[in-house]
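# Summary of structural features
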Amino acid sequence: MSSSDIFIGETIGTAILILLGGGVCAAVTLKASKARNAGWLAIAFGWGFAVLTAVYTSGPLSGAHLNPAVTLALAIKDGGWNNVPAYMGGQLLGAMIGATLVWVVYYGQFQAHLTDREIVGDAAVQPVTKGQTAKVKSVEAQEQAAGPVLGVFSTGPEIRVVWQNLATEIIGTVVLVLAVLTQGLNDAGNGLGVLGALITALVVVAIGLSLGGPTGYAINPARDLGPRIVHALLPLPNKGGSDWRYAWIPVVGPLAGGAIAAGIYNVAFA
């Protein structure tokens, strides 16, 4: 595979991954969506099917890594680092494109959700002290670090305990990458094969159902960072913060998990 094929394949595949994965988050979250409140099962299976579709689409071009943690693990496993920049660059760009497409598809729902008083609060002002006023905001909009629709784009913890949040992302990624390395590689060993795509999709569903509760299971640095950048840039009304103080955890955690998984594979399976 040439570097250009890898970059194009990873861009297309990761864009599809985020379009469908972020799309199910938008469908469940936004008030004017027909799938509103469909729940965690819908999100877990939606992300699994997103992985399946993205892998089958991009596999012939790039081997369908779609995740810097997978790319890092394969580089450690095989010692091949030449195409790592092409893989990771395509993954980040594709994630940003996918997140932007989610905004396009759900444009009206974003506008309605983020101008709804139940979501962003009452625009009326009430006195705080003499000569001062403050806007009354809903509970959902009071958290400045993470705005009311950030979860459509990126992950965040239910309880902020740094070591636990980091450990959760590391453990989840170890499970994912070990499954890829032991069951999912194609005959060339450089990406996911046909059966491997199905195995990986089911593993992603399992991780979401079993380990996704604490942090929302990024298990993919590009999946979290690219859409978080898009959230920060998009002209969404009352969107709140992008929670950059948390953003390093879903990047460092999955990369560490991928490296650990590669080490385990080289010691136990190679």
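Residues numbered from 1 in each chain as written. Predicted model: local features only at pLDDT ≥ 70, side-chain atom pairs only at ≥ 80, totals over all residues. Heavy atoms only, no water.

### Let's talk about the overall build of the protein
Scanning the protein from N- to C-terminus turns up 11 helices and 2 strands. Reading the secondary structure of the protein in the N-to-C direction produces α-α-α-α-α-α-β-β-α-α-α-α-α. Scaling as 2.2 N^0.38, a compact globule of 270 residues should have a C-alpha radius of gyration of about 18 Å, and the protein matches this with 19 Å. Summarising its shape, the C-alpha atoms of the protein cover approximately 70 × 35 × 30 Å along the three principal directions. Among the 270 residues that make up the protein, the fraction classed as buried is 50%. With an accessible surface of roughly 12100 Å², the protein has 65% of that area assigned to carbon and sulfur atoms. When the 13 basic and 13 acidic side-chain charges of the protein are each reduced to a single mean position, those positions are 12 Å apart. (Helix = DSSP H or I, 4+ residues; strand = E, 2+ residues; numbered from the N terminus. Rg over C-alpha atoms; globule rule 2.2 N^0.38 Å. Buried < 20%, exposed > 50% of the residue type's maximum accessible area, 1.4 Å probe, protein only. Areas by Shrake-Rupley, 256 points an atom, 1.4 Å probe, with all protein chains shown as cover. Lys, Arg positive; Asp, Glu negative; His and termini not counted. Charge placed at Lys NZ, Arg CZ, Asp CG, Glu CD.)

### A few points about a nonpolar patch on the surface
Together, Phe7, Ile8, Ile12, Leu61, Leu93, Ile97, Leu101 and Val104 give the surface a local cluster of nonpolar side chains, amounting to about 600 Å² of exposed area. Broken down by secondary-structure element, the contributors of at least two residues to the nonpolar patch are α1 (3-29) and α4 (84-105). Examined against the element boundaries, Leu61 turns out to sit in helix α2 (residues 40-62). Residue classification places Leu61 among the partly exposed residues on the basis of a relative accessible area of 32%. (Patch = residues over 30% accessible without salt bridge, like charges linked within 9 Å, V, L, I, M, F, W, Y side chains within 5 Å. Salt bridge = Lys/Arg side-chain N within 4 Å of Asp/Glu carboxyl O.)

### Describing the packing of helix α3 (residues 68-78) against α4
For the pair α3 and α4, interaxial distance at closest approach is 9 Å and the crossing angle is 170°. Comparing their axes, α4 and α3 come out roughly antiparallel. Residues Pro68, Thr71, Leu72 and Ala75 of α3 form the contact with α4, whose participating residues are Val84, Tyr87, Met88 and Gln91. When grouped by side-chain class, the residues that make up the contact of α3 with α4 number 6 nonpolar, 2 polar and no charged. (Axes fitted to C-alpha atoms, helices over the stretch in contact; angles between N-to-C directions. Parallel < 35°, antiparallel > 145°, perpendicular 65-115°, else oblique. Contact = heavy atoms within 4.5 Å. Nonpolar A, V, L, I, M, F, W, Y, C, P; charged D, E, K, R; others polar.)

### A short note on the nonpolar core
The biggest cluster of nonpolar side chains holds 57 residues, and the ones touching the most others in it are Leu17, Trp47, Phe110, Phe153, Tyr217 and Leu236. Among all residues touching Phe110, those that are not within four sequence positions of it are Leu30, Val102, Trp103, Val149, Val152, Phe153 and Leu236. (Core = buried A, V, L, I, M, F, W, Y, C linked by side-chain atoms within 4.5 Å.)

### Things to note about the side chain of Thr155
Here Thr155 is to be found in the loop between α7 (150-153) and α8 (162-184). Judged by its relative accessible area of 5%, Thr155 falls in the buried class. A polar atom in the side chain of Thr155 sits 2.6 Å from the side chain of Asp224. Those residues within four positions of Thr155 in sequence are excluded, and the remaining contacts are Thr215, Gly216, Tyr217, Ala218, Arg223, Asp224, Arg228, Tyr246 and Pro250. (Polar contact = N/O pair within 3.5 Å; in protein donor to acceptor, adjacent residues only side chain to side chain.)

### Details of helix α10 (residues 221-233)
When the terminal C-alpha atoms of α10 are compared, their 18 Å separation across 13 residues agrees well with the 18 Å that a helix rising 1.5 Å per residue should span. Buried residues along α10 sit against α1, α2, α3, α4, α7 and α11 (249-268). For α10, the capping residue at the N-terminal end is Asn220, with a side-chain oxygen 3.0 Å from the backbone nitrogen of Ala222. (Expected span 1.5 Å × (residues − 1).)

### Regarding the environment of Ala145
By the secondary structure assignment, Ala145 is in the loop between β2 (133-135) and α7. Residues Ala145 and Ala268, spaced 123 residues apart in sequence, show a C-alpha to C-alpha distance of 42 Å. Among residues more than four places away in sequence, those in contact with Ala145 are Arg160, Gly241, Ser242, Asp243 and Arg245.

### Topic: unusual backbone geometry
Of note in this structure, Leu66 is not a glycine but carries a positive phi near 60°. Mapped onto the secondary structure, Leu66 falls in the loop between α2 and α3. Note on Leu66: relative accessible area 4%, which makes it buried. Although it is not a glycine, Asp243 sits at a positive phi angle of roughly 55°.

### Considerations on the packing of aromatic side chains
Within this structure, the stated rule accounts for 5 aromatic pairs. Between Phe45 and Phe49, the aromatic rings sit 6.3 Å apart at their centres with planes inclined by 40°, giving tilted as the arrangement. With a gap of 4 residues between them, Phe45 and Phe49 both fall in helix α2, about one helical turn apart. Overall, the relative accessible area of 36% leaves Phe45 in the partly exposed class. (Phe/Tyr/Trp six-rings, centres within 6.5 Å; stacked < 30°, edge-to-face > 60°.)

### Concerning the pattern of salt bridges
Two side chains carrying opposite charge are able to pair once their charged atoms lie near each other. Tallying each qualifying case throughout the model produces 6 salt bridges. In this structure, Asp243 and Arg160 form a salt bridge, with 2.4 Å as the shortest nitrogen-oxygen distance. Highlighted residues: Asp243 in the loop between α10 and α11 and Arg160 in the loop between α7 and α8, separated in sequence by 83 residues. Classification of Arg160 as partly exposed rests on a relative accessible area of 38%.

None of this, on its own, says anything about what the molecule does.
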